[in-house]
Amino acid sequence: LTLGIGDAAGAIFGSFFGRSRWPESRRTVEGSIAMLITMAICTVAFRLRDFDFDKVETDCYDLIKREFVFIFIPIVVLEAVTSQIDNLCLPLFSIVLWCLIFNC
């Protein structure tokens, strides 16, 4: 999700529409926002696929909010400040965050 979807979407969107660069980085703010939105949309789609609409459950939405705040935002920040090693750092950082948040 982080590299295959988020990073790719951020790179494509940032290349075409990016105007505002992060300080001391070649990454764009627009690309980072696209990365964040793309990962969030995919996560919502994956979570709602297994959601039982016959029950009123807030667990799914609480889970999505936790992922957004504690996993996706830090990943986007790390991606914005890394230079060439993001393909190594992002997956490792993602795994660590997932395990810390969800007690793997």
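Residues numbered from 1 in each chain as written. Predicted model: local features only at pLDDT ≥ 70, side-chain atom pairs only at ≥ 80, totals over all residues. Heavy atoms only, no water.

(A) How the structure looks around the pattern of salt bridges. A full pass over the atoms with the stated rule returns 2 salt bridges. The closest approach of N and O atoms between E79 and R27, which form a salt bridge, is 3.1 Å. With a gap of 52 residues between them, E79 in helix α3 (residues 59–81) and R27 in the loop between α1 (2–17) and α2 (29–49) connect regions that are remote in the sequence. E79 gets classed as buried once you look at its relative accessible area, which sits at 7%. As a salt-bridge pair, R27 and D86 come within 3.5 Å of each other at their nearest N and O atoms. Placement of the pair is R27 in the loop between α1 and α2 and D86 in helix α4 (residues 86–102), with a sequence separation of 59 residues. Just as R27 is buried, D86 falls in that class too. The network of salt bridges with shared partners includes R27, E79 and D86. (Salt bridge = Lys/Arg side-chain N within 4 Å of Asp/Glu carboxyl O. Helix = DSSP H or I, 4+ residues; strand = E, 2+ residues; numbered from the N terminus. Buried < 20%, exposed > 50% of the residue type's maximum accessible area, 1.4 Å probe, protein only.)

(B) How the structure looks around the packing of α1 against α2. Where α1 meets α2, the axes come as close as 7 Å, and the angle between the chain directions of the two elements is 145 degrees. Where α1 crosses over α2, the two elements pack in a sense that is right-handed. Contacts from T2, I5, G6, D7, A9, G10, F13, G14 and F17 of α1 reach α2 at E30, G31, A34, M35, T38, M39 and C42. Its residues placed into classes, the contact of α1 with α2 shows 8 nonpolar, 6 polar and 2 charged. (Axes fitted to C-alpha atoms, helices over the stretch in contact; angles between N-to-C directions. Left-handed = near helix turned anticlockwise from the far one by under 90°. Contact = heavy atoms within 4.5 Å. Nonpolar A, V, L, I, M, F, W, Y, C, P; charged D, E, K, R; others polar.)

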